Amino acid sequence: MSVIELRDVSVTFHERKRTVEAVKHVSLTVDKGEIFGIVGFSGAGKSTLVRTINLLERPTGGTVLIDGKDVTNVSGAELRDLRKRIGFIFQGFNLITNVTVGKNIEFALKAGGYPKEQWAERVRELLALVGLENKIDSYPSSLSGGQKQRVSIARALANKPEILLCDEATSALDLETTEGILELLRHINKELGITIVFITHQLDVAKQIFDRVAVMENGIVVEQGDTFDVFSAPKHPTTKALVERYLGIAVPPQLVPSLPEGTIVELRYKGESALEPLISAVAQRYGVSIDVLHANVEYFGAQAIGILIVLVSGGDGTLGRALEELKANVFGYRELDRAALAAARENAGVAGESADKEA
Ligand SMILES: Nc1ncnc2c1ncn2[C@@H]1O[C@H](COP(=O)(O)OP(=O)(O)OP(=O)(O)O)[C@@H](O)[C@H]1O
């Protein structure tokens, strides 16, 4: 059964001179116990959408259901109860800076009506869960980014929620710290059975922990499904752009003009099976030469996808048939344009991470 259901949810902001339709008619379900991700470039509407789940943002249209119950218009004690059942962590941690780590967690327990005589034990339990037992009396300013995020996770779990919402929870952290936080979230999901909704623009985060994913663009969910299926065979141009930007096409641009005549092809295959037998069979059968320009294996969750870029050349009028045979035997096939390849590579090199923000 789905623990979260958004039915035709819209959020429109009215500013003085303009109207922003941040979320437009989004419907999706999140199953109990899964890690559901929302990806998209900056401004796509991810934060606004996820904030409707605990009504930090009230939908201007549509319905929010939690455990099958319509909560769209709850207020007062019912709203407080809902917020207790849904923890929230932010990119910027949002810790209270002038009190200790222990007190930060106590505030959450107090707000949630947790029995006072059990606060001390619960704080110890939560800090043990996130691996910070020895930081109970420290102030947030003395902690690293990763430690601050661990405290905010402990605080979000204080009142034993069923759902944890994570808004760009790792975007401010370096690679190694991110790995640690993702491991902790996986543990929380598997061991405590907490459903997680995680939004990010980082595909390397998404591919590691999401069971299912929704891709957002311009307030709309443009594609959703199993993480491996969505990322290994993206259908919508936005998903394609996210995946291409992440994977890159690693043919050095300086090499492109010097390559002999022929067709540059990107081949994708599922699993870790090697493509060498196919390549040598095609080369032999049609008398063409097939040179590997780039090879990579990417993991989406536990499943692998192989990407091979080859130059197919020569043959005596048989090139077309050789390409047909390759196409028929792989999972993904794309002929690459030399000029576009060189240009795309140059752009990627210049724009890098900041391009994500602007797109
Ligand atoms: N309170 C608000 N008032 C007016 N406009 C808003 C408000 N909150 C968000 N928006 C606008 O709604 C759109 C979606 O913003 P949102 O923050 O949900 O996107 P996002 O995908 O989470 O992007 P980012 O990763 O940059 O946070 C943007 O155009 C944003 O400017």
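Refer to the structure above for everything that follows.
Residues numbered from 1 in each chain as written. Predicted model: local features only at pLDDT ≥ 70, side-chain atom pairs only at ≥ 80, totals over all residues. Heavy atoms only, no water.

Trainee: Would you mind showing me how to read the site of the ligand here?
Mentor: Looking at the ligand, there are 13 residues lining it, with S42, G43, K46, S47 and T48 nearest. S42 is positioned with one of its side-chain polar atoms (N or O) 2.6 Å from an oxygen atom of the ligand. Within the backbone of A44, an N or O atom sits 3.0 Å from an oxygen atom of the ligand. Secondary-structure elements contributing two or more residues to the shell around the ligand are strand 2 (19-31) and helix 1 (46-53). (Near = heavy atom within 4 Å. Polar contact = N/O pair within 3.5 Å; in protein donor to acceptor, adjacent residues only side chain to side chain. Helix = DSSP H or I, 4+ residues; strand = E, 2+ residues; numbered from the N terminus.)

Trainee: When you look at the packing of helix 3 (residues 101-111) against helix 5 (residues 145-156) in this model, what are you seeing that I'm missing?
Mentor: Between two packed helices, what matters for the description is the angle formed by their axes and the separation of those axes. Between helix 3 and helix 5, whose axes approach to 8 Å, the crossing angle comes to 25°. For the element pair helix 3 / helix 5, the angle class is roughly parallel. Remark: the crossing between helix 3 and helix 5 carries right-handed chirality. Within the contact between the two elements, helix 3 uses V101, N104, I105 and A108 and helix 5 uses V151, A154 and R155. (Axes fitted to C-alpha atoms, helices over the stretch in contact; angles between N-to-C directions. Parallel < 35°, antiparallel > 145°, perpendicular 65-115°, else oblique. Left-handed = near helix turned anticlockwise from the far one by under 90°. Contact = heavy atoms within 4.5 Å.)

Trainee: Looking at this structure, I do not really get the sheet that holds strand 4 (residues 61-66). What am I missing?
Mentor: Note: strands within a sheet are paired through backbone hydrogen bonds, in either parallel or antiparallel orientation. Read across the open sheet, the four strands follow the order 2-1-4-5; overall the sheet is antiparallel. Single-partner strands in this sheet number two, and they are strand 2 and strand 5 (69-70). Strand direction decides the pairing type here: strand 1 (residues 2-14) and strand 2, joined by nine bridges, are antiparallel. For L6, the partnering residue across the bridge sits in strand 2 and is L28. Most of the contacts of helix 1 go to strand 1, to which it runs at about 125°, and overall it touches strand 1, strand 2 and strand 4. (Pairing = 2+ DSSP bridges.)

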